[in-house]
Amino acid sequence: MTINIQYVHMLTSEAMNAYVTQKLNKLNKKYDWIINAEVHFEIEHNDDQNGKICKIELSAPGPRLFATSNESTFENAVKKTIKDLEIQLKKRKHTFIKH
């Protein structure tokens, strides 16, 4: 699986790169048919407590999988986004088993 990480209007972070790569590799071990991952980090400037946005798009057999979350830290945003993607991957895996 190839991982492409982009930071929108903010500085890159090696620590976040390592964290996301570790989480996505763990997901790839479970679902080895994932081809590609596109990760986008953004900061939303508002008065709300949240504002750290993580968007992940996975390429796999069938339609692309997409999830996004807006949390108070990027780590929490990554966790929630990957959790949402894992739910979608489980559903996709069940459709593979039926056919």
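*Asks:* Just to check I follow, could you spell out the pairing of strand S1 (residues 2-7) for this structure?
*Replies:* As a general feature of sheets, a regular strand has side chains that alternate between the two faces. Two strands pair when backbone bridges link them, and S1 and strand S2 (residues 36-43) are joined in this way by six bridges, in the parallel orientation. Bridge pairing in S2 places Tyr-7 opposite Phe-41. This β-α-β element, S1 to helix H1 (residues 14-30) to S2, shows left-handed connectivity.

*Asks:* Teacher, can you tell me more about the sheet that holds S1 here?
*Replies:* Across a sheet, strands are paired by hydrogen bonds formed along the backbone, either parallel or antiparallel in direction. As summarised here, the arrangement of the four strands in space is S1-S2-S3-S4, forming an open sheet in which the pairing is mixed. If you trace the sheet from one side to the other, it starts and ends with S1 and strand S4 (65-71), each paired once. The mean angle between the axes of side-by-side strands here comes to 15°, regardless of whether they run parallel or antiparallel. Alignment of S2 against strand S3 (residues 52-59), held across eight bridges, turns out to be antiparallel. By the bridge assignment for S3, Glu-38 is matched with Glu-57. Those strands touched by H1 are S1, S2 and S3, and its axis lies near 145° from that of S1.

*Asks:* Sorry if this is basic, but what is going on with the pattern of salt bridges here?
*Replies:* Where charged atoms from two side chains of opposite charge approach closely, those side chains can pair. For the coordinates displayed, the defined rule picks out four salt bridges. Between Glu-86 and Lys-30 there is a salt bridge, with the nearest N and O atoms lying 2.8 Å from each other. Here Glu-86 is found in helix H2 (residues 74-98), whereas its partner Lys-30 is found in helix H1, with 56 residues between them in sequence. The class of Lys-30 is partly exposed, set by a relative accessible area of 47%. Here Lys-55 and Glu-42 are joined by a salt bridge, their closest N and O atoms 3.1 Å apart. Of this pair, Lys-55 sits in strand S3 while Glu-42 sits in strand S2, and the two are 13 residues apart along the sequence.

Procedures and definitions
- Residue numbers run consecutively from 1 along every chain, following the written order of its sequence.
- Local features in this predicted model are restricted to residues of pLDDT 70 or higher, and side-chain atom pairs are both shown and tallied only at a pLDDT of 80 or more, whereas totals for entire chains, interfaces and linings draw on every residue.
- Water and hydrogen atoms were dropped before computing side-chain values, which therefore reflect all heavy atoms in the structure.
- The pairing criterion is simple: DSSP has to find at least two bridges between the two strands.
- The helix count covers DSSP runs of H or I at least four residues long, the strand count covers runs of E at least two residues long, and both are numbered beginning at the N terminus.
- Handedness of a crossover is defined as follows: with both strands directed away from the viewer, a clockwise route from the first strand across the helix to the second makes it right-handed.
- With axes taken as lines fitted to C-alpha atoms, and helix axes fitted only over the stretch in contact, angles between N-to-C directions fall between 0 and 180 degrees.
- Residue contacts are defined here by distance: any two heavy atoms, one from each residue, within 4.5 Å place the two residues in contact.
- By definition here, a salt bridge exists when the distance from a side-chain nitrogen of Lys or Arg to a carboxyl oxygen of Asp or Glu is within 4 Å.
- Classification of residues uses two cut-offs on accessible area relative to the type maximum, computed with a 1.4 Å probe and protein chains only: under 20% is buried, over 50% is exposed, and between them is partly exposed.

Taken by themselves, the reported measurements are silent on function.
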